[in-house]
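Letter by letter, the chains look like this.
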Amino acid sequence: LFLTTKSDDTITREIVAIIICNMTVSPEATKKLINSGVCEIVATLSGATSEGIQELCAKCICNLTCAIDMHKDIISHGVLQTILLIALVRTVEDKTKLLCARAIMNLLSDSNIDSLKEAGGIRVFASISAAYGRGESNLTFYPSSPQAPTYINSQFDRLNVYKNIMTIKAMPDRKSVV
């Protein structure tokens, strides 16, 4: 599966992104994926020019950041740089930028704050607020506590995924978007 991430075929890359994103919904699978180098794979996939793949990569990262005990590993694998590249350079979609912001919020903790500051994570929020300030965005962003990370489900029909973003609880200690 990981070998196909460098395919020139956009459909193949999107299918791989969907599969990885779906796998990251499971906490057990997430830990195995992180240990197998999925952060680098998502970073490679995020280099695609397709907005759909950018969105899927942001969802994958958001789900990966729900593994609270793996935050140090995720950060050491360069996920913050991938988040920033997606949110500030690669995507123009506010929905995708919000997913990146959610991933950063999932990473917020006393032990990670310095890494987030050094990487420039605040710029993601500035980018989103600029869109709100221009009146270009009609999304609603409901922040949650760092103890309640957000899982994002990937589906082939991604158009309705963002309805009521961050409001549906799937587990007592996690939030999910269905």
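Quantities reported herein were computed from a predicted structural model and do not represent experimental measurements.

**A word on the overall build of the chain**
Across its full length, the chain holds nine helices and three strands. Sequence-ordered secondary structure for the chain, helices as α and strands as β, is α-α-α-α-α-α-α-α-α-β-β-β. For the chain, the residues scored as buried account for 51% of the 178 residues in total. For the chain, the computed accessible surface area is about 8,500 Å², with 56% contributed by carbon and sulfur atoms.

**With respect to the environment of isoleucine 104**
Structurally, isoleucine 104 can be placed in helix α7 (residues 94–107). Between the alpha carbons of isoleucine 104 and isoleucine 122 there is a distance of 8.8 Å; along the sequence they are 18 residues apart. Filtering out sequence-adjacent residues up to four positions away, isoleucine 104 remains in contact with Ile83, Leu116, Gly121, Val124 and Phe125.

**A look at the environment of leucine 85**
Within the secondary structure, leucine 85 sits in helix α6 (residues 79–90). Judged by relative accessible area, leucine 85 falls into the partly exposed class, the value being 35%.

**Comments concerning the packing of helix α4 (residues 51–64) against α7**
The interhelical angle for the contact between α4 and α7, taken along N-to-C directions, is 15°, at an axis separation of 8 Å. In terms of orientation, α4 and α7 fall into the roughly parallel class. The handedness of the crossing between α4 and α7 comes out as left-handed. Taken together, the residues of α7 that come into contact with α4 (itself represented by Glu51, Gln54, Glu55, Ala58, Lys59, Ile61 and Cys62) are Thr96, Leu99, Cys100, Arg102, Ala103 and Asn106. Residues of the contact of α4 with α7, tallied by class, amount to six nonpolar, three polar and four charged.

**Brief notes about the nonpolar core**
Ile20, Ile83 and Val124 are the most contacted members of the largest nonpolar core, which totals 42 residues. The greatest single-element share of this core, amounting to eight residues, is contributed by α4. Beyond its immediate chain neighbours, meaning those up to four positions away, isoleucine 83 contacts Ile61, Cys100, Ala103, Ile104, Leu107 and Val124.

**Regarding the pattern of salt bridges**
On inspection of all chains with the given rule, the structure shows three salt bridges. The shortest N-O distance in the salt bridge between lysine 31 and aspartate 69 comes to 3.0 Å. In this pair, lysine 31 sits in helix α2 (residues 27–35) while aspartate 69 sits in the loop between α4 and α5 (71–76), placing the two residues 38 residues apart along the sequence. By relative accessible area, lysine 31 is classed as partly exposed at 33%.

**Topic: helix α3 (residues 38–45)**
If you check which residues of α3 are buried, you get Val38, Cys39, Ile41, Val42 and Leu45. The buried residues of α3 occupy an angular sector of 160° when projected down its axis, which confines them to one face. Buried residues belonging to α3 abut α1 (10–23), α2, α4 and α5.

**Looking at the side chain of lysine 97**
Residue placement: lysine 97 occurs in helix α7. Buried charge lysine 97 goes without a salt bridge, the closest partner of opposite sign being aspartate 94 at 5.0 Å. Sequence-distant contacts of lysine 97, that is, excluding residues within four places in its chain, are made with Ala87, Thr91, Val92, Val124, Ser127 and Ile128.

Reading the values: rules and limits
- Residues numbered from 1 in each chain as written.
- Predicted model: local features only at pLDDT ≥ 70, side-chain atom pairs only at ≥ 80, totals over all residues.
- Heavy atoms only, no water.
- Helix = DSSP H or I, 4+ residues; strand = E, 2+ residues; numbered from the N terminus.
- Buried < 20%, exposed > 50% of the residue type's maximum accessible area, 1.4 Å probe, protein only.
- Areas by Shrake-Rupley, 256 points an atom, 1.4 Å probe, with all protein chains shown as cover.
- Contact = heavy atoms within 4.5 Å.
- Axes fitted to C-alpha atoms, helices over the stretch in contact; angles between N-to-C directions.
- Parallel < 35°, antiparallel > 145°, perpendicular 65-115°, else oblique.
- Left-handed = near helix turned anticlockwise from the far one by under 90°.
- Nonpolar A, V, L, I, M, F, W, Y, C, P; charged D, E, K, R; others polar.
- Core = buried A, V, L, I, M, F, W, Y, C linked by side-chain atoms within 4.5 Å.
- Salt bridge = Lys/Arg side-chain N within 4 Å of Asp/Glu carboxyl O.
- Arc of directions from axis to C-beta.
- Lys, Arg positive; Asp, Glu negative; His and termini not counted.

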